[in-house]
Amino acid sequence: MHKTLYIVSTPIGNLEDITLRALRVLKEADLIACEDTRQTRKLLDHYGIAKPVTSYHDHNEAARAAELIERLERGESIALVSDAGTPLISDPGYRLVAAAVLAGITVVPIPGPSAVMGALAAAGLATDSFRFCGFLPPKTSQRQKVFEELKHETCTLVFYEAPHRILETLEDLAAVMPERPVVIARELTKLHEEFLRGTAVELRAALSARQSVKGEITLLIGKAEHAELDDTPIEDAIQALESSGVSRMDAIKQVAKARGMSKRNVYKLTV
Ligand code: SAM
């Protein structure tokens, strides 16, 4: 335990979702650094863990990171937790971990819940590759810009979103990616856990029919179909690459990869 920074995942709702190792590390650490000490106390009390805690959040991160590094260098072990889920995943901790790595301190992850993983695991969308994009910006124009930039990604997209913004967000999504399968994972691991599946327009209609939308939301967007990605004729796409200095063979390879086709089929279409 000596001179180690542990990054400990904690439940995102259901208190049973904590690993045996996480509980042991929280019991054995010299200090627990938490986003909100009151929130973490509830978890610690539930498991009968009495340990000194200190706050570590967005507003004191820089100063507190320096103090914590000093304590680690003196030989203490510190467990970092956030209010829920995995620290650093749209939560504080990055500065502390970066500083610890720079100072040669051992950093050990204690993996466990994270809304992004729970949502992906049960959404029913492709999971071979995905892109986690954190929180969406609050304004429509910025959100649509983000969606425009991401619409050609060939992987599942995952966002965190606030319940009071979800209707507007679905409207923006419908404007940019109307055909995509969308999943809303709401209140994961909690009493009112639900998955809503459909297009952005369908999900907006379903949620608008409710009196209000509450709870924590993870939003997932299915990946672009290959046909949606690029409608440039194959030969034109290859020639464009060739004119930028890429060899014909490499151009065929790149176009095949981008369109999810075999090199052989792309080649056939060009002769
Ligand atoms: N570090 C956390 C993690 O690993 O999941 C995420 C922290 S971020 C500040 C909080 C956001 O995560 C929420 O606004 C929501 O978008 C998502 N989230 C957290 N808990 C969730 C849950 N139980 N169900 C669905 N989404 C959740």
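Structure shown above.
Only a predicted model underlies this, so the values are computations on that prediction, with no experimental measurement involved.

(A) Main features of the pairing of strand 4 (residues 78-81). Burial along strand 4 is two-sided: Ile78 and Leu80 facing one way and Ala79 and Val81 facing the other are all buried. Where strand 1 (residues 4-8) and strand 4 come together, three bridges link them in parallel fashion. Bridge pairing links leucine 5 to isoleucine 78 in strand 4.

(B) The site of the ligand, seen in detail. In the vicinity of the ligand, 19 residues are found, and the nearest of them are Ile89, Asp91, Ser114, Ala115 and Ile217. Tyrosine 160 has a polar side-chain atom sitting 2.9 Å from an oxygen atom of the ligand. For the ligand, whose free accessible area comes to 570 Å², the fraction covered by protein is 90%. Those elements that place two or more of their residues in the shell around the ligand are strand 7 (156-161) and strand 10 (217-221). Residues of the shell around the ligand, tallied by class, amount to nine nonpolar, five polar and five charged. For the shell around the ligand, the two domains that each supply at least three residues are domain 1 (4-113) and domain 2 (116-221).

(C) Representation of the nonpolar core. Ranked by internal contacts, the top residues of the largest apolar core, which has 22 residues, are Phe147, Phe159, Ile166, Leu170, Leu173, Ile184 and Leu219. Those elements that place two or more of their residues in this core are helix 6 (140-150), strand 7, helix 7 (166-176), strand 8 (182-186), helix 8 (200-208) and strand 10. Discounting residues that sit within four places of it in the chain, isoleucine 184 has contacts with Ile166, Leu170, Glu194, Phe195, Leu196, Leu203, Leu207, Ile217, Thr218 and Leu219. Grouped together as the second largest cluster of nonpolar side chains are 17 residues, Tyr6, Leu23, Leu26 and Val108 included.

(D) Structural detail: the packing of helix 10 (residues 234-243) against helix 12 (residues 263-270). With their axes 9 Å apart at the nearest point, helix 10 and helix 12 run at an angle of 100 degrees to one another. Viewed along their axes, helix 10 and helix 12 adopt a mutual orientation that is roughly perpendicular. Mapping the contact onto sequence places Ile234, Glu235 and Ile238 in helix 10 and Val266, Leu269 and Thr270 in helix 12.

Parameters and conventions
Residues numbered from 1 in each chain as written. Predicted model: local features only at pLDDT ≥ 70, side-chain atom pairs only at ≥ 80, totals over all residues. Heavy atoms only, no water. Buried < 20%, exposed > 50% of the residue type's maximum accessible area, 1.4 Å probe, protein only. Helix = DSSP H or I, 4+ residues; strand = E, 2+ residues; numbered from the N terminus. Pairing = 2+ DSSP bridges. Near = heavy atom within 4 Å. Polar contact = N/O pair within 3.5 Å; in protein donor to acceptor, adjacent residues only side chain to side chain. Areas by Shrake-Rupley, 256 points an atom, 1.4 Å probe, with all protein chains shown as cover. Nonpolar A, V, L, I, M, F, W, Y, C, P; charged D, E, K, R; others polar. Domains from an automatic or database assignment. Core = buried A, V, L, I, M, F, W, Y, C linked by side-chain atoms within 4.5 Å. Contact = heavy atoms within 4.5 Å. Axes fitted to C-alpha atoms, helices over the stretch in contact; angles between N-to-C directions. Parallel < 35°, antiparallel > 145°, perpendicular 65-115°, else oblique.

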